[in-house]
Amino acid sequence: MSARIVAVGELAGGRPTRLTLEIATLAAGLAAASGDRAALVLVGEGASSAAPEVAAHGVDVLVDETGDAAPVALAERLAGPVREAGATWLLLGASEAGRETAGHLVGLADLPILAAAVEVRLEDGAPWVGQAPWGGRLRTESAFTGSGGVIVVRPGSQAPVPAGAPGRILPAPAAPAPTLPRPELLERSAGNASGPSIEEARIVVGAGRGTGGAEGVALVRALADALGGTIGATRAAVDSGWIDYALQIGQTGKQIRPELYLACGVSGAIQHAVGVRTAGTIVAIDRDADAPIGEIADLLAVGDLFAVVPALLERLERRRSS
Ligand SMILES: Cc1cc2nc3c(=O)[nH]c(=O)nc-3n(C[C@H](O)[C@H](O)[C@H](O)COP(=O)(O)OP(=O)(O)OC[C@H]3O[C@@H](n4cnc5c(N)ncnc54)[C@H](O)[C@@H]3O)c2cc1C
């Protein structure tokens, strides 16, 4: 693994995630600026067929179709080569798996880390990292003091752009014998069985405690479907057992960046707001005109969601059939 800029990709349903294409573009841009090559490691079922799409974004793709894509396994696989190569900059997406892989890598390869990156550029051959911690309320710029480090990049920080010259497709470095225990998979959370994933959807309709249970959640789901989007949730709705944990948005859930986030019965607690703050437009429906969601929403519709959402659905249906 001779590249100095190494990204770690992810697959969903046998395809590279949008975040993977974003960090591939970022890695290729950094490599072009420094005269280096950039490589992206893609492990797991579907890696071989997904590789050309990733390589089209200008990085060499290091592929292992049958390898273990668990974060701990990926970190173990990369830590040895990275330690040997020295001065390697690792780029990972701020997805759940990316963040976990980054954590393992930092420990195993003894590397510093800069997380919540929204911009990465080179100065004197080393990355400067613009970060937006606290849900984007702060903006900081940091650089590593040593040579080499891990950068965790937020979704939406870089548009995925195909490169003029595609990268090569090569075998990934061999996986070492496992030394750390592997987690046992007890249950795979379904998330959204159909439609776009919550991280990739252009429109996300959020269900909060205000939905009150199955009936309200069904209304929100119907609205998400009618808009061609997907449903997300607050922790309160998830903890109540109304919605799958995989769809939780916020500090301890997913960070999303849709074009439109439509919050229904969501108060807008800071732990939720950090997950949606960078959405293009935020619209909220809440019966409390003083709900904190009003502070981040572009539009707050004050009303009972059991009246507003059916009215919206009716409008959408009328528009569709006219
Ligand atoms: C360490 C930590 C981490 C956390 N992580 C997360 C996280 O990742 N994600 C997350 O979401 N939360 C998280 N939380 C919880 C967070 O603090 C809030 O408790 C939670 O977001 C509240 O969810 P909610 O908005 O659905 O419920 P509430 O705060 O109860 O708000 C419900 C809203 O619905 C409105 N409403 C009620 N009925 C109706 C109706 N019929 N029509 C219209 N509006 C109605 C109310 O006016 C209210 O504004 C975390 C908390 C902690 C301490």
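Residues numbered from 1 in each chain as written. Predicted model: local features only at pLDDT ≥ 70, side-chain atom pairs only at ≥ 80, totals over all residues.

### As for the site of the ligand
How we decide: Using a C-beta atom placed from the backbone, a residue is scored as near a molecule or strand whenever that atom is within 6 Å of it. The numbering of helices and of strands both runs from the N terminus, where a helix is a DSSP run of H or I of at least 4 residues and a strand a run of E of at least 2. Three categories are distinguished: nonpolar for Ala, Val, Leu, Ile, Met, Phe, Trp, Tyr, Cys and Pro, charged for Asp, Glu, Lys and Arg, and polar for the others, with Gly belonging to the last.
Every one of the 27 residues lining the ligand counts as a neighbour, but Gly208, Gly210, Arg235, Gly250 and Ser267 are closest to it. Every element with two or more residues in the shell around the ligand is listed here: helix H7 (235-239), helix H8 (270-273), strand E15 (281-286) and helix H10 (305-321). Of all the elements, H7 adds the most residues to the shell around the ligand, at 3 residues. Residues of the shell around the ligand, tallied by class, amount to 9 nonpolar, 12 polar and 6 charged.

### Concerning H10
How we decide: By this rule the span expected of a helix is its residue count minus one, scaled by 1.5 Å. By the convention adopted here, residues are in contact when the distance between their C-beta atoms, placed from the backbone, does not exceed 7 Å.
With 17 residues, H10 extends 24 Å between its outermost C-alpha atoms, agreeing within 8% with the 24 Å of an ideal straight helix rising 1.5 Å per residue. Those residues of H10 that are buried are in contact with helix H6 (214-226), strand E14 (260-264) and E15.

### Considerations on the sheet that holds strand E16 (residues 299-302)
Using the following cut-off: If DSSP finds at least two bridges between two strands, the strands pair. To get an axis, fit a line to the C-alpha atoms, keeping to the stretch in contact for a helix; angles then go from 0 to 180 degrees between the N-to-C directions.
Read across the sheet, 5 strands follow the order E13-E12-E14-E15-E16 without closing on themselves; strand pairing throughout is parallel. The open sheet is flanked by strand E13 (230-233) and E16, the only strands paired with a single partner. Neighbour-to-neighbour, the strand axes of this sheet turn through a mean angle of 20 degrees, independent of strand direction. The pairing of E15 with E16 spans 4 bridges and is parallel. Counterpart to aspartate 286 in the pairing with E16 is valine 302. Across the sheet, H6 touches strand E12 (203-207), E13 and E14, and the angle it forms with E12 is around 175 degrees.

### Concerning the nonpolar core
Convention followed: Take the buried Ala, Val, Leu, Ile, Met, Phe, Trp, Tyr and Cys residues, join any whose C-beta atoms are within 7 Å, and the set you get is a nonpolar core. Every C-beta atom is placed from the backbone, and the number of other C-beta atoms within 10 Å of a residue's own sets its class: buried at 20 or more, exposed at 12 or fewer, partly exposed in between.
Counting 55 residues, the largest nonpolar core has Ala27, Leu40, Leu42, Val59, Leu91 and Ile151 as the members making the most contacts within it. At 9 residues, the largest contribution of residues to this core is made by helix H1 (residues 18-34). Setting aside residues up to four positions removed in sequence, alanine 27 forms contacts with Ile5, Ala7, Ala38, Leu40, Val59 and Leu91. Within the second largest apolar cluster, 39 residues are counted, among which are Ala201, Ile249, Ile285 and Ile293.

### Details of the environment of glycine 98
Residue placement: glycine 98 occurs in helix H4 (residues 96-109). Linking glycine 98 and glutamine 251, residues 153 residues apart in sequence, is a C-alpha distance of 15 Å. Discounting residues that sit within four places of it in the chain, glycine 98 has contacts with Val8, Glu10, Leu92, Gly93 and Val152.

### Some remarks on the pairing of strand E10 (residues 149-153)
Two faces make up the sheet, and in a regular strand the side chains alternate between them. Burial runs high along E10: 5 of the 5 residues are buried. The alternating pattern of E10 places Gly149, Ile151 and Val153 and Val150 and Val152 on opposite faces, both of which are buried. Here strand E6 (residues 89-93) pairs with E10 via 5 bridges, running parallel. Bridging across to E10, leucine 92 finds its partner in valine 152. Where strand E7 (residues 113-123) lies against E10, 3 bridges are found, and the strand directions are parallel. Counterpart to isoleucine 113 in the pairing with E10 is valine 150.

### Overview of the domain arrangement of the protein
The following threshold applies: Throughout the structure description, domain borders are defined by an automatic or database domain assignment.
Its domain assignment divides the protein into domain 1 (5-171) and domain 2 (203-321). Put simply, the middle of domain 1 and the middle of domain 2, counted by C-alpha atoms, are 31 Å apart. Each partner contributes to the interface: domain 1 provides 7 residues, whereas domain 2 provides 6 residues. Taken together, the residues that form the side of domain 1 that touches domain 2 break down as 3 nonpolar, 3 polar and 1 charged.

### As for the packing of helix H3 (residues 71-85) against H4
Cut-off, in case you're wondering: In these notes the angle categories are as follows: under 35 degrees is roughly parallel, over 145 is roughly antiparallel, 65 to 115 is roughly perpendicular, and the rest is oblique. Each helix crossing is assigned a hand: it is left-handed if the near helix lies turned anticlockwise from the far helix by less than a right angle, otherwise right-handed if that turn is clockwise.
Direction vectors running N to C along H3 and H4 enclose 40 degrees, while the axes themselves pass 8 Å from each other. Considering the angle they form, H3 stands oblique to H4. The crossing of H3 and H4 is right-handed. Residues Pro71, Val72, Leu74, Ala75, Glu76, Leu78, Ala79, Val82 and Arg83 of H3 pack against Ala97, Glu100, Thr101, His104, Leu105, Leu108 and Ala109 of H4. By residue class, the composition of the contact of H3 with H4 is 11 nonpolar, 2 polar and 3 charged.

### Quick notes on the sheet that holds strand E4 (residues 38-43)
Across the sheet, which stays open at both edges, the 9 strands sit in the order E9-E8-E7-E10-E6-E1-E4-E5-E11 with mixed pairing between neighbours. Of all strands in the sheet, those with a lone pairing partner are strand E9 (140-143) and strand E11 (169-171), marking the two edges. Taken pair by pair, the neighbouring strands of this sheet meet at an average axis angle of 35 degrees, ignoring direction.

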